[in-house]
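# Tertiary structure, described
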Amino acid sequence: MSGPGESNNEDDDVYARGLMRHGAPRRGFPRRGTDPRVAYQLVQDELMLDGVSRMNLATFCTTWVEPEVRKLMDQSIDKNMIDKDEYPQTAELERRCVRMLADLWNAPDPASARGTSTTGSSEAAMLCGLAAKFAWRGRRTAAGESTDRPNLVCGPVQVCWEKFARYFDVEIRQVPLSGDKLLMTPDDVGRYCDENTIMVVCNFGQTFTGLFEDVRGISDALDRFQERTGLDVRLHVDGASGAFVAPFVNPDLVWDFRLPRVRSLNASGHKGGLAPLGAGWALWREASDLPEELVFDVDYLGGNEATFNLNFSRPGGQVVAQYYDFVRLGHEGYAHVHRAKYETARHIAAGVAGMGPFEVISGGDPDLGITAVAWRMAGDESFTPYDLADRLRTRGWLVPAYPLPRDRDDEIVQRVLVRHGFSRDMADLFLEDMVDCVGHLRRHTPSPSLTQAEAGGFNHGAGSRSRVPGEPGR
Ligand SMILES: *Cc1c(COP(=O)(O)O)cnc(C)c1O
């Protein structure tokens, strides 16, 4: 759309041309295209406004990968996970990953465990939840009992379980928190389970604090519940972030298929698994734990393949990259990566505790949780965690402040996730900035009108943009 005297010559400087002078298409579908150099520069420039992902200390997800992973992702851009006949080797890598994970998580017979890659733990949670619901319904129907009121018992969970419950019509019974209790405990479960409980979901790496629930204790409690009531309630472990950490760093912690009651497990390959975004895993202890009604045979891509995913087409690069990670790092390599993260987390926890105004509630103990450091205000200060989050953002750090789950939501906590690619040096830079920010906030008491809603509440991903009072939304 060049006007008189305007150049649209391909040799001309990118910024002297078409869209660069007239602005980006925003509303209507653009009538004409533009050449790739201009389009690329335009899109790339817009993306500068995103934060620097590696300074986003809110996310659990992978933000650093080796160059080889980028190459494999690029080479896999055309691989469709569903098309196992056209891309049999990508399908084979997925099968290998499933067997390796069944081995890592101590399935009784890794060769016969069922599992699949997914787009993340959320899809895996839907699949595992559905498997439990179908299995429960099958049992109840066979016994001539009603199947209209399924429920799921859990502590404070990631939103994917609330989604599962709502999307698939299951009552969610979340054990309330009280006092200093931040997790579901073995004492709780018996009181919330009944004949309509499709499963209990244990958090292995809780979203709010990074803490592990006591899976073994909860499993034992369900054994006692069964002795009392005759009801055999299956246990599912949401190991989104913990399942790829504990086996390497804390192998004696028993939370996985070593417990016979654990029938299924989900994990995010793109968290502790170190794969790029879009990698998740769902595994069942034995083939019989995945009801046959959930498995479809697809034959119109050539060949005949079983599929039990929510999606049909799905990118294959994440699975390829996950397999690369397993081969590249092995058990020892994962242990080294995660141990370094724990060291850094403990360093940050000590630094935050030493600043004065904060009390650390979880931080870098592999017996207790993942590499999250969470803290709350220790006493009266003239600023809130929301003010600190806002101030840290001026240096580019994204550190969420949010209320604890229901029943404890009067308490505001703040949390950083130490991830692969976050070095001791970066931790030191972060701590120095935090000291500066605290000093600033003490000298310049923030306006009390910066409420939680304005500051942006808990957001597990990129965090929402905060708004400075009196300024229009940025
Ligand atoms: C991240 C997370 C999820 C959701 O996983 P995605 O891979 O982001 O879909 C579920 N549960 C827990 C405990 C998590 O940490």
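These numbers were taken from a predicted model, which means no experiment stands behind them. The numbers attached to residues start from 1 for each chain and follow its sequence in the written order. At least 70 in pLDDT is required for a residue's local features to be given in this predicted model, at least 80 for side-chain atom pairs to be given and counted, and no such filter applies to totals for whole chains, interfaces and linings, which use all residues. The basis for every side-chain value is the complete set of non-hydrogen atoms in the structure, without hydrogens or water.

## Considerations on helix H6 (residues 159-167)
Owing to its 3.6 residues per turn, the α-helix brings residues three or four apart onto one side. Accessible area is worked out with a 1.4 Å probe on protein chains only. A residue is then buried under 20% of its type maximum, exposed over 50%, and partly exposed in between. Numbering of helices and strands starts at the N terminus; helices are DSSP runs of H or I of at least 4 residues and strands are runs of E of at least 2. The set of residues buried in H6 consists of Cys160, Trp161, Phe164 and Ala165. Angularly, the buried residues of H6 cover 140 degrees about the axis, an arc narrow enough to put them on a single face. Facing away from the buried side of H6 by more than 90 degrees, the exposed set consists of Arg166 and Tyr167. It only takes one pair of heavy atoms within 4.5 Å for two residues to be counted as in contact. Against the buried residues of H6 lie helix H5 (121-142), strand S2 (151-154), strand S3 (171-174), strand S4 (197-203), strand S5 (235-238) and strand S6 (262-268). Following H6 by one or two positions, Asp169 has its phi on the positive side, about 55 degrees. Here, the arc refers to the directions that run from the helix axis to the C-beta atoms.

## What to know about the packing of aromatic side chains
Only rings of Phe, Tyr and Trp enter the pairing, Trp through its six-membered ring, and a pair is recorded when the two centres are within 6.5 Å. The plane angle decides the type: under 30 degrees is stacked, over 60 is edge-to-face, the rest tilted. Across all of its chains, the model carries 12 aromatic pairs by this definition. Three or more aromatic residues link up through ring pairs in this structure, and these residues are Trp105, Phe244, Phe248, Phe326 and Tyr334. Distance and angle both matter: a charge sits over a ring if NZ of Lys or CZ of Arg is within 6 Å of the ring centre and within 35 degrees of the ring normal. Here the guanidinium or amino end of Arg137 rests over the ring plane of Phe134, the centre of that ring lying 4.5 Å away. Positioned above the aromatic ring of Phe60, the side-chain terminus of Lys271 is 4.8 Å from the ring centre.

## Remarks on the site of the ligand
Throughout this document, a residue counts as near a molecule or strand when at least one of its heavy atoms sits within 4 Å of that molecule or strand. With respect to spatial proximity, 14 residues lie near the ligand, and among them Ser122, Asp238, Ser268, His270 and Lys271 are the closest. Within 3.5 Å is the distance limit for a polar contact, defined as a pair of N or O atoms, with the added protein rule that one can donate a hydrogen and the other accept it, and that residues adjacent in sequence qualify only through two side-chain atoms. Measuring from an oxygen atom of the ligand, one finds a side-chain N or O atom of Lys271 at 2.7 Å. Using a 1.4 Å probe, accessible areas were evaluated by the Shrake-Rupley method; residue-level cover was limited to the displayed protein chains. Protein burial of the ligand: of its 370 Å² of free accessible surface, 93% is covered by the chains.

## Observations regarding the domain arrangement of the protein chain
Residue ranges labeled as domains rest on an automatic or database domain assignment. For the protein chain, the assigned domains read domain 1 (1-46) and domain 2 (69-324). Each of domain 1 and domain 2 has a C-alpha centre, and these two points are 47 Å apart.

## A closer look at the environment of Asp45
Along the chain, Asp45 falls in helix H2 (residues 36-47). Classification of Asp45 as partly exposed rests on a relative accessible area of 22%. Apart from residues lying up to four places away in sequence, Asp45 is in contact with Tyr15 and Met20. For Asp45, the side chain forms a polar contact with the side chain of Tyr15, separated by 2.7 Å.

## Description of the pattern of salt bridges
A side chain of one charge can pair with a side chain of the opposite charge when the charged atoms of the two come close. Whenever a carboxyl oxygen of Asp or Glu lies within 4 Å of a side-chain nitrogen of Lys or Arg, that contact is scored as a salt bridge. What the rule picks out here adds up to 22 salt bridges. Taking the shortest distance from any N to any O, the salt bridge between Arg99 and Glu92 comes out at 3.8 Å. The residue Asp433 makes a salt bridge to Arg395 at a minimum N-O spacing of 3.1 Å. Of this pair, Asp433 sits in helix H12 (residues 424-443) while Arg395 sits in the loop between helix H11 (385-393) and strand S12 (401-403); the two residues are 38 residues apart in sequence, bridging distant segments of the chain. Counted as one network, the salt bridges with shared partners bring together Glu92, Arg95, Arg96 and Arg99.

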